Amino acid sequence: PRRVPALPVKNLNGTGPVHPALAGMTGILLCAAGLPVCLTRAPKPVLHPPPVSKSDIKPVPGVSGICRKTKKKHLKKSKNPEDVVRRYTQKVKNPPDEDCTICMERLGSASGYEGVLSPKGTKPELVGKLGKCGHVYHVLCLVAMYSNGNKDGSLQCPTCKAIYGEKTGTQPPGKMEFHLIPHSLPGHSDSKTIRIVYDIPTGIQGPEHPNPGKRFTARGFPRHCYLPDTEKGRKVLKLLLVAWERRLIFTVGTSSTTGESDTVVWNEIHHKTEFGSNLTGHGYPDPNYLDNVLAELLAQGVSEANIKD
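Nothing here was measured: the structure is a model prediction, and the numbers come from that model.

**A word on the packing of aromatic side chains**
Evaluation of the coordinates by the stated rule reveals eight aromatic pairs. Arranged with centres 6.0 Å apart and planes meeting at 80°, the rings of Tyr-198 and Trp-266 form a pair that is edge-to-face. Here Tyr-198, found in strand β10 (residues 193–199), pairs with Trp-266, found in strand β15 (residues 263–266); they are 68 residues apart in sequence, far enough to count as distant. A relative accessible area of 0% means that Tyr-198 is categorised as buried. Residue classification places Trp-266 among the partly exposed residues on the basis of a relative accessible area of 31%.

Now the structure itself:
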């Protein structure tokens, strides 16, 4: 026939979510139906902008500096678990007739962590209410939850995720650079682009990581990420700087992509790593991205109130 409809296939090389065999099966079915088929390769994602000279790179308006570093000496010392929990809870004399959602035992009975922990002066039947959100738990259960976390002096409600204190993460030491480049992102043709470059080297896991003393890998660094140079884009950058200083952007864990353990991975704050397309879902245009990442930052306890002038 003169006009053969093209059937785009995302990955003829077998590197994406669609197996090449699926493309072949689709072609066979269409041919069986009497339809001509012409398999074509899908376009490749545009991961990086056109070359940028050093003279074209500018500071981001309204954001001081061009680089932030984190080092081990910035780590906060752990605090006594019982003291932290008491700071954010109020004693409940008459507990409600319901389960503690941490240990799943009734609030009127002893904590399920009785005998597991040996806290100082905390009775297993003691119940506490968190000050801001009002959710109720065994105090000993909250102590166990805190002891299993980063022990940074903050507490997060397991029910509504409200954060008490300043939450910090387990991001390894590294460097975050940011600047303006004279190119526009799809969907933001009237704006230049903020480029963020994260660089974390391999190292040894600390006591806050899954396997202290063991080496961790850092694949794919430096990692380049992009924001539009708009008022909201600059606000996101300022909040990402707060998240970086609190060690919340990366962590050491298991890669969901490769299954590799003891490696640096993203930590629940999504970034756009594809510059000129959105074929992988990690690029632009994406009209909801800035609002989504603001919500993710807020869930980590990073809000506009934390932005430093």
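**Here's the deal with the packing of helix α4 (residues 231–245) against helix α5 (residues 289–299)**
At a closest axis distance of 10 Å, the pairing of α4 and α5 adopts a crossing angle of 25°. Put simply, α4 runs roughly parallel to α5. Crossing of α4 against α5: the hand is left-handed. Note on element contacts: α5 touches α4 through Leu-290, Asp-291, Val-293, Leu-294 and Leu-297, opposite Lys-232, Gly-233, Lys-235, Val-236, Leu-239, Leu-240 and Ala-243. Its residues assigned to classes, the contact of α4 with α5 shows eight nonpolar, one polar and three charged.

**Re the pairing of β10**
Burial runs high along β10: six of the seven residues are buried. The pairing of strand β9 (residues 174–181) with β10 spans seven bridges and is classified as antiparallel. Bridge pairing links Lys-175 to Asp-199 in β10. Pairing of β10 with strand β13 (residues 223–228), which is carried by six bridges, proceeds in the antiparallel orientation. Directly across from Val-197, in β13, lies its bridge partner His-224.

**Quick notes on the layout of surface pockets**
The computed volume of the largest pocket comes to approximately 770 Å³. As for the largest pocket, its lining consists of 23 residues, and the residues nearest its centre are Arg-223, Thr-257, Trp-266, Thr-273 and His-282. Among the secondary structure elements, those contributing two or more residues to the lining of the largest pocket are β13 and β15. When the residues that make up the lining of the largest pocket are grouped by side-chain class, the tally is six nonpolar, 13 polar and four charged. Taken together, 27 residues make up the lining of the second largest pocket; nearest its centre are Gly-149, Asn-150, Gln-156, Lys-167 and Thr-168. Counting only elements with at least two residues in the lining of the second largest pocket, the list comes to α3 (139–147), β7 (155–156) and β14 (250–253). By residue class, the composition of the lining of the second largest pocket is nine nonpolar, twelve polar and six charged. Taken domain by domain, the lining of the second largest pocket gets at least three of its residues from each of domain 2 (54–74 + 168–306) and domain 3 (81–164).

**Re the sheet that holds β10**
Strand order in the open sheet formed by four strands is β3-β9-β10-β13, with antiparallel pairing between adjacent strands. Each end of this open sheet is capped by a strand with a single partner; those strands are β3 (67–70) and β13. Geometrically, the sheet is characterised by an average inter-axis angle of 20° between neighbouring strands, direction not taken into account. Across four bridges, the pairing between β3 and β9 is antiparallel. Looking at the pairing, Lys-69 lines up with Lys-175 of β9. Packing of α4 onto the sheet brings it into contact with β3, β9, β10 and β13, and relative to β9 it is tilted by some 170°.

Rules of the game
- Residues numbered from 1 in each chain as written.
- Predicted model: local features only at pLDDT ≥ 70, side-chain atom pairs only at ≥ 80, totals over all residues.
- Heavy atoms only, no water.
- Phe/Tyr/Trp six-rings, centres within 6.5 Å; stacked < 30°, edge-to-face > 60°.
- Helix = DSSP H or I, 4+ residues; strand = E, 2+ residues; numbered from the N terminus.
- Buried < 20%, exposed > 50% of the residue type's maximum accessible area, 1.4 Å probe, protein only.
- Axes fitted to C-alpha atoms, helices over the stretch in contact; angles between N-to-C directions.
- Parallel < 35°, antiparallel > 145°, perpendicular 65-115°, else oblique.
- Left-handed = near helix turned anticlockwise from the far one by under 90°.
- Contact = heavy atoms within 4.5 Å.
- Nonpolar A, V, L, I, M, F, W, Y, C, P; charged D, E, K, R; others polar.
- Pairing = 2+ DSSP bridges.
- 1 Å grid on protein atoms, 1.4 Å probe; cavity = no way out; pocket = protein on both sides within 12 Å on 5 of 7 lines; lining within 4 Å.
- Points joined across faces, edges and corners; volume = space filled by probe spheres on them.
- Domains from an automatic or database assignment.

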